[in-house]
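In case you want the letters, here they are:
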Amino acid sequence: MKIKVRDLPYEEVMKLPVPKHIPPQKQGLFFRTLVRLLSGPELKKVNFRYDTYEMEKLDKAEPALFLMNHSSFLDLKIAFRLLYPRPFHIVCTSDGFVGKDWLMRRLGCIPTKKFMTDITLVRDMVYAVRELKSSVLMYPEASYSFDGTATPLPESLGKCLKILGVPVVMIRTFGAFARDPLYNNLQVRSTDVSARMDYILTPEEIREKSVEELNDILKKHFTFDHFRWQKENQVSIREPFRADGLNRVLYKCPHCLEEGSMEGTGIHLTCKKCGKTWELSEYGELVADEGDVYFTHIPDWYQWERECVRQELLEGSYCLDIEVTICMMKDMKCIYRVGTGRLHHDRDGFSLTGCDGKLKVRLSPEASYSLYSDYFWYEIGDMICIGDRKILYYCFPAEGMDVVAKTRLAAEELYKIVRNR
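Cut-off values and rules
Residues numbered from 1 in each chain as written. Predicted model: local features only at pLDDT ≥ 70, side-chain atom pairs only at ≥ 80, totals over all residues. Heavy atoms only, no water. Pairing = 2+ DSSP bridges. Helix = DSSP H or I, 4+ residues; strand = E, 2+ residues; numbered from the N terminus. Axes fitted to C-alpha atoms, helices over the stretch in contact; angles between N-to-C directions. Core = buried A, V, L, I, M, F, W, Y, C linked by side-chain atoms within 4.5 Å. Buried < 20%, exposed > 50% of the residue type's maximum accessible area, 1.4 Å probe, protein only. Contact = heavy atoms within 4.5 Å. Parallel < 35°, antiparallel > 145°, perpendicular 65-115°, else oblique. Nonpolar A, V, L, I, M, F, W, Y, C, P; charged D, E, K, R; others polar.

A.B. asks: A description of the sheet that holds strand β5 (residues 109-112) should follow, citing residues and the corresponding values.
C.D. replies: A sheet is described by the order of its strands in space; here seven strands give the open sequence β2-β8-β7-β3-β6-β4-β5, paired in mixed fashion. Edge strands, defined here as strands with exactly one partner in the open sheet, are β2 (49-53) and β5. Neighbour to neighbour, the strand axes of the sheet diverge by 20° on average, direction disregarded. As paired elements, strand β3 (residues 65-68) and strand β6 (residues 135-138) share three bridges and run parallel to each other. Directly across from Leu-67, in β6, lies its bridge partner Met-138.

Written out as structure tokens, the structure is:
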């Protein structure tokens, strides 16, 4: 899927009016039915099936909050299959509206900025369940998983449950990540996909429990490991490109400790500095060509990288300073490419400068608990996004610079360090 991009000087973009807020529009039966029908062929291709648990507790006309883990583009098609004919609104990233605002609103979508406190979003969700008598579908992780494990949940989620006061249902997918992991450049693999839908909280339980207790329950349900699931269920991925782009996630060599020298091509991951090579097996395990394997499980390697980043932050040695191409989102018409600049990240947070000195942005470490970053974003390139509720800045490092994963890890760990202090 692509996005409309327009070249425009920074000062011209800043003159553009900020769009007025539009409340959620009721999802029409026609569009709901159309998407479900269009989703059928792809779900049939993956032999989609699902199980439900205690869903008899939820009345067909009763609004609910559906929480779903985020694995791939297939997620939304699965949701339309599971929830039909129930009307529901979908919380999605605001850039998903670019160039198709009219359609997205009629599909029931509610725009939001990722990893930011958004009071307007909560109001829109309340409006959807109370005024429109509609359910809400939300991906609380707010981003695709890099390593196949859960990404952080917002601390405000428990409060949101109390404000809405509706039943909570969990939807978890199996096989969707194995079919289309984010690092693999949208190359789809051949595997079956299934889902499980659980009724997990009644309105009475939400009223009785504290915010902390609710957050603990949600965290428990959002604990998973797609690579471990693949191995335990012997799900075979035999495509010859299964390791393409794996260096985006596993960017640091555990043998020579060099960063940015890893290369994932075909079924192999190789360090170009020391020559150490691993094969990604058909069951998602890493096998070393010789010597110490270091890690057989991809999430273990990624966790080690997280610990390395945290140590750099504590020592004061962590620093990102790179040249980037800068795009901006000011309205729903298009993404505006405004020029080049430098993105800097250290213990003081993010700073972005560019456009001949006209653009200067700073964000403190407490600005967000995670980072909106992506691989091959809308088929443009790897991306790091910073900004606020008014403007988003999409930063594209030069091709081949594997800094996206480390920067997200650094933003998450820095937030924890500052909050603990």
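A.B. asks: Kindly report on the sheet that holds strand β11 (residues 277-280), identifying the contributing residues and their values.
C.D. replies: Pairing is antiparallel across the open sheet formed by four strands, whose spatial order is β9-β10-β11-β12. On the outer flanks of this sheet lie β9 (262-265) and β12 (286-288), each paired with one strand and no other. Shown here is a sheet whose adjacent strand axes are inclined to one another by a mean of 25°, direction ignored. In this sheet, β12 lies alongside β11 in antiparallel orientation, the contact comprising three bridges.

A.B. asks: Quick rundown of the nonpolar core? Include the residues and the values.
C.D. replies: Residues Trp-301, Leu-343, Leu-352, Leu-359, Ile-386 and Tyr-393 are the most contacted members of the largest nonpolar core, which totals 61 residues. Residue contacts for Ile-386: discarding those within four places in its chain leaves Leu-343, Phe-350, Leu-352, Val-361, Leu-363, Leu-371, Ile-391, Leu-392 and Tyr-393. Judged by nonpolar contacts, the second largest core, of 32 residues, contains Ala-64, Ile-78, Val-169 and Tyr-199.

A.B. asks: Let's hear about the packing of helix α6 (residues 157-164) against helix α9 (residues 211-221): which residues, and what values?
C.D. replies: Where α6 contacts α9, the two axes come as close as 8 Å, and the packing angle between them is 110°. With respect to α9, the element α6 is oriented roughly perpendicular. Two secondary-structure elements touch here, α6 through Leu-157, Gly-158, Lys-159, Leu-161 and Lys-162 and α9 through Val-211, Leu-214, Asn-215 and Leu-218. Broken down by class, the residue content of the contact of α6 with α9 amounts to five nonpolar, two polar and two charged.

As far as function goes, none of this settles anything; it's purely spatial.
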